[in-house]
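# Commentary on secondary and tertiary structure
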Amino acid sequence: MPTGYESGKTWSPIGAQATVSTSAASRVWTLNEVAAYEGAGTWPAPATTMEFIAKVGPADGSTNTVSFTSIPQTYRNLRIVMSNGRRDSSANAGISIQYNSDVTAANYGWQVMYALGGGASAQKAAYFPPYGDMPNSQNSGYCIWDIGQYSDSSVGTTCQWQAGTDVRNNGALLAGANGYEVASAVTQIDVVSSYTTSGYYFEAPTTFALFGIGGA
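Since we're looking at a predicted model, the values are computed, not measured.

Ordered in space as β2-β11-β4-β7, the 4 strands form an open sheet in which the pairing is antiparallel. The two strands at the open ends of the sheet, each matched to only one other strand, are β2 (65-68) and β7 (130-131). Here strand β4 (residues 95-99) runs beside strand β11 (residues 189-193); their pairing, made up of 5 bridges, is antiparallel. Bridge assignment links Q98 to a residue of β11, and that residue is D190.

A few words on the side chain of R87. Mapped onto the elements of the fold, R87 is located in strand β3 (residues 75-87). With relative accessibility at 1%, the residue R87 sits in the buried group. There is a polar contact of 3.3 Å between the side chain of R87 and the backbone oxygen of G94. Side-chain polar atoms of R87 contact the side chain of S193, separated by 2.7 Å.

It is worth spelling out the pairing of strand β9 (residues 157-165) at this point. Examined bridge by bridge, strand β8 (residues 141-148) and β9 share 8 bridges and lie antiparallel to one another. Its bridge partner being in β9, Y142 is matched across the sheet by G164. Across 8 bridges, β9 lies against strand β10 (residues 172-180) in antiparallel orientation. Across the sheet, the residue bridging to T157 is Y180, located in β10.

Per the counting criterion, the structure on display carries 1 salt bridge. A salt bridge links R79 to D146, with the shortest nitrogen-to-oxygen separation between them at 2.6 Å. In this pair, R79 sits in strand β3 while D146 sits in strand β8, placing the two residues 67 residues apart along the sequence. Exposure remark for R79: the relative accessible area of 24% places this residue in the partly exposed category. Relative accessible area serves as the criterion here: at 28%, D146 is assigned to the partly exposed category.

Take the packing of aromatic side chains next. Counted under the stated rule, the structure contains 9 aromatic pairs. Taken together, a centroid distance of 5.2 Å and an interplanar angle of 50 degrees make the contact between Y108 and F128 tilted. Taken together, the residues Y108 in strand β5 (residues 108-116) and F128 in the loop between β6 (119-125) and β7 connect sequence positions 20 residues apart. Each member of the pair, Y108 as well as F128, is classed as buried. Members of the aromatic cluster, connected to one another through ring pairs, are Y99, Y108, Y127, F128 and Y180.

The rules behind each value
Residues numbered from 1 in each chain as written. Predicted model: local features only at pLDDT ≥ 70, side-chain atom pairs only at ≥ 80, totals over all residues. Heavy atoms only, no water. Pairing = 2+ DSSP bridges. Helix = DSSP H or I, 4+ residues; strand = E, 2+ residues; numbered from the N terminus. Buried < 20%, exposed > 50% of the residue type's maximum accessible area, 1.4 Å probe, protein only. Polar contact = N/O pair within 3.5 Å; in protein donor to acceptor, adjacent residues only side chain to side chain. Salt bridge = Lys/Arg side-chain N within 4 Å of Asp/Glu carboxyl O. Phe/Tyr/Trp six-rings, centres within 6.5 Å; stacked < 30°, edge-to-face > 60°.

Next up, the structure:
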């Protein structure tokens, strides 16, 4: 008699008895069972490639900080997208990513390559990771931060970003990366404009969106 079938019964499940939930179905199921659970909406859905978590904005010019708190630990990576970024100031100053309210600059390190107004350059520092020289009052900027292994407290958190502004107004293009030297699960991320004066507050129509990518 094949393994997994019991004597005296026309059929029995292969493997231990298990309960279906929306996150797991850990045995072999018949097609009829699968169809029934799917019809009831209780069969586990396939893993989501990228899932929206939260949005902040449009900004109202009242703060230089945007915070994503109580971040779910169920994803492998995170993505933050800034769209239509604006600040009143026309001076050069960047935006940093800070984890778990850690304001010790030496715990962060970064490198960036960028082109400003047609010229190319590169910088590095042991400091808050920048998205630098914009946005400002002349350019609407964007940035995408991809944050890896944020929920694994046994490894350091990494981040890669790409950013740009309107090339019609002395535009910029950046690509960079950073490492966070304190190995801890990330539950909060703050996007912080460089200075606390009102010229560096995030202005409309700036928005920030947080996404989860893959399964932990």
